[in-house]
Amino acid sequence: RIAQALFNRTGHTALQGLTYIILFLAAIFGGDKSNIFLGYGLFCLFAQGDLEIPCRDEIEQVDFSRALSAILVWLLAVLILVPV
C-alpha cells in the first residue's frame, strides 16, 4: 500500500516485480539453507495475486513529509524482518 500511494499503480507493479526478482535471486544464490526467501516469495506470489484496493485519492501527489515518514516506516519494517 505504501508503494502504491507513493508511486501510483505502475510504480507499485514495477517495485513488486523487482522485489520478487530479488527474493528469488536471494533464494537461489544467497546461501539461504532453509529456503525461507523462496517460500515467502512463492506465498506472496500466489496469496497476494489480487489487485490492491484503490486509494481514496490517486490523483494528488503525497506531500514530502508523508513520503519521508512512509519510507522511514518501510525501512524500519525491513530492518526488523530481515534476518542478519
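Residues numbered from 1 in each chain as written. Predicted model: local features only at pLDDT ≥ 70, side-chain atom pairs only at ≥ 80, totals over all residues. Heavy atoms only, no water.

## Some remarks on the overall build of the protein
Along the backbone of the protein there are three helices and zero strands. Along the protein, helices (α) and strands (β) appear in the sequence α-α-α when read from the amino end. The burial tally for the protein puts 15% of its 84 residues in the buried class. Looking at the protein alone, contacts between residues at least 24 apart form 58% of all its contacts between residues at least 6 apart. (Helix = DSSP H or I, 4+ residues; strand = E, 2+ residues; numbered from the N terminus. Buried < 20%, exposed > 50% of the residue type's maximum accessible area, 1.4 Å probe, protein only. Contact = heavy atoms within 4.5 Å.)

## Quick look at the confidence of the model for the protein
Here the protein shows a mean pLDDT of 80. Residues at 70 or above account for 87%. Averaged pLDDT values over the elements of the protein bottom out at 80 in helix 2 (residues 36-47) and peak at 88 in helix 3 (residues 64-81). (pLDDT = per-residue confidence, 0-100.)

## Some thoughts on the environment of Asn8
Mapped onto the elements of the fold, Asn8 is located in helix 1 (residues 2-29). Each C-alpha atom, one on Asn8 and one on Gln61, is 9.0 Å from the other, the two residues being 53 residues apart in sequence.

## Overview of the packing of helix 1 against helix 2
It is at 8 Å that the axes of helix 1 and helix 2 come closest, and there the two elements cross at 150°. Compared by their axis directions, helix 1 and helix 2 come out roughly antiparallel. You can see that helix 1 and helix 2 cross each other, and the crossing is left-handed. Judged by residue contacts, Tyr20, Leu23, Phe24, Ala26 and Ala27 of helix 1 engage Phe37, Leu38, Tyr40, Gly41, Leu42, Cys44 and Leu45 from helix 2. Here the residues of the contact of helix 1 with helix 2 sort into eleven nonpolar, one polar and no charged. (Axes fitted to C-alpha atoms, helices over the stretch in contact; angles between N-to-C directions. Parallel < 35°, antiparallel > 145°, perpendicular 65-115°, else oblique. Left-handed = near helix turned anticlockwise from the far one by under 90°. Nonpolar A, V, L, I, M, F, W, Y, C, P; charged D, E, K, R; others polar.)

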